[in-house]
Amino acid sequence: PLRIVCAGDSLTRGNQSGKVPRVKATDELADAKPNLQRAGVGDERFLKIGCYPCELAAMLPNGTDVRNIGVRGQTAHGLSEELSSGISTSVNISGAPSGFALAAHEALPHADALILMIGTNDAMETREWDLTRYVASVHSLVRQLLKIRAGGGRVSARCVWLVIPPAVHEYDRKRRAWREDYWTVQMRRDVPRLVREAAAGLHLGVIDAQSALEQDWARAFGLLDPMRPRGDGLHPPPDGMALIASAVAHELRRSTNQTKWLECQKY
C-alpha cells in the first residue's frame, strides 16, 4: 500500500473531521496552536473545519496510508527551523522538542509521496513579501524532508508536490463587507506565483488547490450566506477540503500511471 505524507499548516492539519475520522497524526501536533491568531479567524473550536488528508484517504484505494503532519499557525521558515534545530517554534510550546520533526522522522522514511501546502501564514506575517526568504525557506524545508525520506542517501524529488493554498474570503459581519487588504491580495496574486517559483527551483510538481476552490468559492468556504457562515473564510469546511483532496488525488492517480512514479520507487 502507498504511504502519502501531507505537511503544512492548519489548512493541512484541519480538525481531523471528514470521511476518514482519524488520519494518523501525533499528539504533539494536535496540541500546537496558531501563532498568528486573530479574532474571528482560525478559531477552529466553533467551526466545522474540514481535513483534506482525511478526505484524501477516503478517495484513495483501501490500504493507502495517509499521514497528516500539518502544524497549525506555521510558516515555511518555521517548519524549516524546527527540522534544523529539533525544537518547536510554535508560540505555546516554544522550546519544547519539535512534534513536527518527530512526526517527519517517523512518517517520511517509508513515504511514497509528500504533499506540502504552505504559504498562508507566510503571507500574513508581513505587509511586503520577502520573496527571497519564502522561496529559500521552501527549498530548505523540502531538502530537509527529502533527506529524511532518503535516510541520508539518494532520493528523487519527483514524488513531491507543492500545493497552491486557497485564497482568503473573510466577511466582516459588522461592516457587512468582504475583507480586502494586503493579505487577501497576496494570497490571490503572489502566493501562486511564489509556489510555482519554489517548485521550479527544485523540479517539483505543483497542485493548484486555489483554482479548484475558486470555481465556487462561496460554497467551498461555507459562505453562501455570509451572515451565517459555516467557515471563517480561511479554513474551508469539509466540502472545501474535499475539493483540495480531489485535486491531490487526481494528480496522484495521474502520476502513478506514468513512468516517473516508478522512478520514485527506486529510492
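Small disclaimer: the values here were computed from a predicted structure and weren't measured. (Residues numbered from 1 in each chain as written. Predicted model: local features only at pLDDT ≥ 70, side-chain atom pairs only at ≥ 80, totals over all residues. Heavy atoms only, no water.)

A. Up close: the sheet that holds strand β2 (residues 65–68). Read across the open sheet, the 5 strands follow the order β2-β1-β3-β4-β7; overall the sheet is parallel. Edge positions in the sheet fall to β2 and β7 (205–208), since each has one partner strand and no second. Across the sheet, the mean angle from the axis of one strand to that of its neighbour is 20 degrees, orientation sign disregarded. As paired strands, strand β1 (residues 3–8) and β2 are joined by 4 bridges and run parallel to one another. From the neighbouring strand, R3 faces β2, where its bridge partner is D65. The sheet contacts of helix α5 (residues 99–107) involve β1 and β2, and relative to β1 the element is tilted by about 160 degrees. (Pairing = 2+ DSSP bridges. Helix = DSSP H or I, 4+ residues; strand = E, 2+ residues; numbered from the N terminus. Axes fitted to C-alpha atoms, helices over the stretch in contact; angles between N-to-C directions. Contact = heavy atoms within 4.5 Å.)

B. Focus on the pattern of salt bridges. In total, this model carries 13 salt bridges according to the counting rule given. A salt bridge links R175 to D172, with the shortest nitrogen-to-oxygen separation between them at 3.9 Å. The class of R175 is exposed, set by a relative accessible area of 59%. As a salt-bridge pair, R193 and D190 come within 3.1 Å of each other at their nearest N and O atoms. Of the two residues, R193 and D190 both sit in helix α8 (residues 182–202), 3 residues apart, roughly one turn of that helix. Look at R193 and you get partly exposed, because its relative accessible area is 40%. Overall, D190 belongs to the buried group, its relative accessible area being 7%. The network of salt bridges with common partners includes R3, D65, R67 and E106. (Salt bridge = Lys/Arg side-chain N within 4 Å of Asp/Glu carboxyl O. Buried < 20%, exposed > 50% of the residue type's maximum accessible area, 1.4 Å probe, protein only.)

C. Structural view of the nonpolar core. Core analysis: the largest hydrophobic core is formed by 41 residues, its most contacted members being F100, V142 and L162. The set of elements that each furnish at least two residues to this core consists of β1, α4 (76–85), α5, β3 (113–117), α6 (120–125), α7 (131–150), β4 (160–164) and α8. When near neighbours in sequence (up to four residues on either side) are disregarded, V142 contacts L116, V160, L162, L202 and L204. Core analysis: the next-biggest nonpolar cluster, separate from the first, contains 27 residues, V66, I207, L223 and M241 among them. (Core = buried A, V, L, I, M, F, W, Y, C linked by side-chain atoms within 4.5 Å.)

D. Spatial organisation of the state of the cysteines. Summed over all chains, the structure comprises 1 disulfide. In this model C51 forms its disulfide with C54; the gap between the sulfur atoms is 2.4 Å. Sign of the S-S torsion, about 75 degrees for the bond between C51 and C54, identifies this disulfide as right-handed. Each member of the pair, C51 together with C54, is buried. (Disulfide = S-S within 2.5 Å.)

E. Highlighting unusual backbone geometry. With a phi angle near 55 degrees, R176 is a residue other than glycine that sits in the positive phi range. In this structure, R176 sits in the loop between β5 (171–172) and β6 (177–178). Positive phi outside glycine occurs at H203, with the angle close to 60 degrees. A residue is classified by how much of its surface remains accessible, and H203, at 67% relative accessible area, is exposed.

F. Structural context of the environment of M227. One can find M227 in the loop between α10 (217–220) and α11 (238–256). Overall, M227 belongs to the partly exposed group, its relative accessible area being 28%. With 55 residues separating them along the chain, M227 and D172 place their C-alpha atoms 8.8 Å apart. With residues up to four places along the chain from it excluded, the contact list for M227 reads Y171, R173 and R176.

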